[in-house]
Amino acid sequence: MKRLVVVISGRGSNLGAMLAAIRRHAWPIEIVNVISNQPLAEGLALARTAGLRTTVIDHAHFTDRAHFDAALADEIDRAAPDLIALAGFMRILTSEFCLRFAGRLVNIHPSLLPAFKGMHTHRQALHAGVTIHGCTVHMVTTDLDHGPIIAQGIVPVKATDDADQLAERVLEMEHQLYPMAIAALLSGRVSFADGRRHESGPGQFPCEYSPWLLHPDL
Ligand code: GRF
C-alpha cells in the first residue's frame, strides 16, 4: 500500500475526488491522515465520514509561520507518507518545509501554470481574455506556484462565463486530474529527474496517465 497524506483548509472536494477514485480503481493507495489548519474545514467532516484519520493543526495557535510549518512537518512525518498532496491548502509554506519534503510534495493550482499564479485565478483569466484555462498538478518547490508539472487539465473559457462559472468548470477538471496525477506518481509511472518529467512503463500498479486532460467541449 502506498501512503498518502492530504493537507486541506476548506471544502475538501479534491479530497473527496481522490477517495472516490482510489475506491473506483482499487488503487493500492491509503490516505493515512487528512490534516487541516482550519478546525472547521468541511473536508474534515468528509474525511471522518469516510473513516479516515484526521488532525487539526490550527495555525492561529502558533506565533509564526516557521513554528506552524514545523508542527505540520512533524505530524506529516509521523504518518510516513510516500506522497503529500496539498488540496485547497490556503497557506504559504516556508522554504524549510518545502525542502524537507522535496520530491514528495504535490499541489493543484487552478490555472494553467505558469499563467495566473496566486489567488483569484479565474478572475485573472477572464481579465486577460484567454480562451482556454484550467488547472495544474505540480511538484512543490520553494517558489510559489512553481515546480515541475505532472499534468494539466484544459477547459474552454466561454464568452458568457463569470468567475464562478469558470471556477466550477475548472473544479470538475481538478477532480479528474488530481487523482490521476497522484496515482501516476505513486505507481512510479511518472517520475522526475533533473526537474524533467519522465514516463516510465506501466508502473507498480495499473493506472491511466496523460500529461493533459481536455474538457469535452474542446
Ligand atoms: C481548488 O480550486 C484548488 O485548486 C484551490 O482551492 C480549491 C480547493 O477546493 N487551491 P477543495 O477544498 O478541494 O474543494
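To be clear, the structure that these remarks concern was listed above.
Residues numbered from 1 in each chain as written. Predicted model: local features only at pLDDT ≥ 70, side-chain atom pairs only at ≥ 80, totals over all residues. Heavy atoms only, no water.

Digging into the site of the ligand
Threshold: We define proximity as follows: a residue is near a molecule or strand when any one of its heavy atoms falls within 4 Å of that partner. Counted as a polar contact is a pair of N or O atoms within 3.5 Å, where, for protein atoms, one must be capable of donating a hydrogen and the other of accepting one, and residues adjacent in sequence contribute only when both atoms are in side chains. The method behind every accessible area is Shrake-Rupley, applied with a 1.4 Å probe, and residues are considered shielded solely by the protein chains displayed. Cavity: a set of points on a 1 Å grid over the protein atoms alone where a 1.4 Å probe fits but cannot get out. Pocket: an open set with protein on both sides within 12 Å along at least five of seven lines, its lining residues, like those of a cavity, having an atom within 4 Å of a point. Those molecules having more than half of their atoms within 2 Å of a cavity or pocket grid point set are described as sitting in that cavity or pocket.
Close to the ligand lie R11, G12, S13, N14, G88, I108, P110 and E174, which account for all nearby residues. Within the backbone of G12, one N or O atom sits 2.9 Å away from an oxygen atom of the ligand. Between the ligand and E174 there is a distance of 2.8 Å, counted from an oxygen atom to a side-chain nitrogen or oxygen. Protein burial of the ligand: of its 370 Å² of free accessible surface, 84% is covered by the chains. In this structure the site holding the ligand corresponds to the largest pocket.

What about a negative patch on the surface?
Put simply, the rule is: Patch membership requires more than 30% relative accessible area and the absence of a salt bridge. Residues of like charge join within 9 Å; the nonpolar side chains Val, Leu, Ile, Met, Phe, Trp and Tyr join within 5 Å. For this analysis, a salt bridge means a side-chain nitrogen from Lys or Arg found within 4 Å of a carboxyl oxygen belonging to Asp or Glu. Charged-residue counts in this description rest on Lys and Arg as positive and Asp and Glu as negative, His and the chain ends being excluded. For charged residues, the charge sits on one atom: NZ in Lys, CZ in Arg, CG in Asp, CD in Glu. Strands are runs of DSSP state E lasting at least two residues, helices are runs of H or I lasting at least four, and both sets are numbered from the N terminus onward. Any residue under 20% of the maximum accessible area for its type is buried, any over 50% is exposed, and the rest in between are partly exposed; the area is computed with a 1.4 Å probe on protein chains only.
Taken together, the side chains of D162, D164, E168 and E172 define an acidic patch exposed on the protein surface. Relative to the helices and strands, E172 resides in helix α6 (residues 163-187). E172 sits in the partly exposed class, given a relative accessible area of 47%.

What to know about the layout of surface pockets
The condition is simple: Grid points are joined across faces, edges and corners, and a volume is the space filled by probe spheres set on the points. Lys, Arg, Asp and Glu make up the charged group, whereas Ala, Val, Leu, Ile, Met, Phe, Trp, Tyr, Cys and Pro make up the nonpolar group; the residues left over, Gly among them, are polar.
Here the largest pocket defines a volume of roughly 1,000 Å³. In this structure, the largest pocket is lined by 40 residues; those nearest its centre are G88, F89, M90, I108 and P110. For the lining of the largest pocket, the secondary-structure elements that each account for two or more residues are α1 (13-25), α4 (95-100), β5 (105-109), α5 (121-128) and α6. Among the elements that make up the lining of the largest pocket, the one with the highest residue count is α6 (6 residues). Looking at the lining of the largest pocket residue by residue, the classes come out as 16 nonpolar, 16 polar and 8 charged.

Looking at the nonpolar core
Soluble globular proteins: nonpolar side chains tend toward being buried together. Quick note on the threshold: In these notes, a set of buried Ala, Val, Leu, Ile, Met, Phe, Trp, Tyr and Cys residues joined through side-chain atoms within 4.5 Å is what counts as a nonpolar core. The split into domains, and so the bounds of each, comes from an automatic or database assignment of domains. What makes two residues a contact is simply this: any of their non-hydrogen atoms within 4.5 Å.
Judged by nonpolar contacts, the single largest core of 47 residues is most densely connected at L4, I31, I150 and Y178. With 12 residues, the single largest contributor to this core is α6. Looking at which domains feed residues into this core, each of domain 1 (1-101) and domain 2 (114-136 + 148-218) supplies at least three. If we skip the residues at most four places from it in the chain, L4 touches M18, I29, E30, I31, V32, N33, L83, A85 and I182. One finds V5, A73, L93 and L105 within the second-largest nonpolar core, a separate group that totals 19 residues.

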